[in-house]
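Residue-level structural notes
Each chain, letter by letter, is given below.
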Amino acid sequence: MGSSSQPAKASGTYRIGGDLQVDRLGYGAMQLTGPGVWGDPKDPAEAVRVLRRAYELGVTFIDTADSYGPFVSELLIREALHPYADDLVIATKAGLTRSGPGDWRPVGRPEYLRQQCELSLRHLGVESIGLYQLHRIDAKVPLEDQLGELALLQQEGKIRHIGLSEVTVAQIEAAQQITPIVSVQNLYNLADRSAEDVLDHCERHDLAFIPWFPIATGNLAKPGGPLDAIATGHDATPAQLALAWLLRRSPVMLPIPGTSSVGHLEENVAAAQVQLTDEEYDALAKAA
């Protein structure tokens, strides 16, 4: 179990690709940018403090993407944490271009993915990226061309493992025919479990499942609602319960709650120490 000084350790560990061990409760670095995930944060110094504090709290898995900023998130990670501790895994992504705040467009052309990988290596200050994820499959480019380029980068030692984001089970199976896939990042939370079949597939095949937007609680957190009642009993917040539920849901689950404030980060990471009973877990699952 995690100590009170490193609560993330209470989430248990998982080996991405069978060899990259991380503590299961990670940190997602999308919110370290400006409005619309565009440009610099209003308080860059706080962003650096958040990243350093995450590692102090026992977080060893940080998820980012070239498109966050673009590049703002990767550069902040480098400023805050480089040279990186041996047990810190930084995952990044490519495949979504940015043409302004809140605008995301898939581009999976091999030469573009290669360029973005090279830029991420430079921006993060590393020679190899532990987990490199195709941010979206580009419908205009054959999947074998997109993943084939990532496989080439892997052979060159520039990336260690390949992951996917926002995919169906059929797409995961098609991708596995081209190159080994070790992780899937889909929208999933207590209130939106539309990716349940993908999670089940990941659990069966021991693929990391990285739920983005993990804390959405919707109406569940209303006063007198199921989250509210159980939260009172645990002296916890609804957000902490939502994260505790995810950690309990599957051993391959790696939640990556993001925030731009140290106080909120500390609250999120403390969720790793919330132990739900079977009854509480079932009640939350049914309520959603």
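Here goes a summary of the coordinates provided.

Rules behind the numbers
Residues numbered from 1 in each chain as written. Predicted model: local features only at pLDDT ≥ 70, side-chain atom pairs only at ≥ 80, totals over all residues. Heavy atoms only, no water. 1 Å grid on protein atoms, 1.4 Å probe; cavity = no way out; pocket = protein on both sides within 12 Å on 5 of 7 lines; lining within 4 Å. Points joined across faces, edges and corners; volume = space filled by probe spheres on them. Helix = DSSP H or I, 4+ residues; strand = E, 2+ residues; numbered from the N terminus. Nonpolar A, V, L, I, M, F, W, Y, C, P; charged D, E, K, R; others polar. Buried < 20%, exposed > 50% of the residue type's maximum accessible area, 1.4 Å probe, protein only. Pairing = 2+ DSSP bridges. Right-handed = clockwise from strand over helix to strand, strands pointing away.

1. Considering the layout of surface pockets
- Approximately 450 Å³ is the volume attributed to the largest pocket.
- The space that makes up the second largest pocket amounts to roughly 300 Å³.
- Along the walls of the second largest pocket sit 14 residues, with L88, V89, I90, S128 and G130 positioned nearest its centre.
- For the lining of the second largest pocket, the secondary structure elements donating two or more residues are β2 (20-23), β5 (89-94) and β8 (129-134).
- Here the lining of the second largest pocket is composed, by residue class, of 8 nonpolar, 3 polar and 3 charged.

2. Some remarks on unusual backbone geometry
- Each neighbour pair has its own omega, and for G69 with P70 the value is -20°, a cis peptide bond.
- For P70, the position within the fold is in the loop between β4 (61-63) and α2 (72-81).
- For the bond running from H82 to P83, omega is 0°, close enough to zero to count as cis.
- Inspection of the secondary structure assignment puts P83 in the loop between α2 and β5.
- Backbone geometry places D206, a non-glycine residue, at a positive phi of 55°.
- When you line up the elements, D206 lands in the loop between α6 (196-204) and β11 (208-212).
- Among the residues examined, D206 registers a relative accessible area of 47% and is labelled partly exposed.

3. As for the pairing of β11
- The element β11 is extensively covered by neighbouring structure, given that 4 of its 5 residues are classed as buried.
- Inspection of the sheet shows strand β10 (residues 183-187) paired to β11 by 5 bridges, in the parallel sense. Bridge pairing in β11 places Q185 opposite I210.
- Crossover β10 to β11 through α6 is right-handed.

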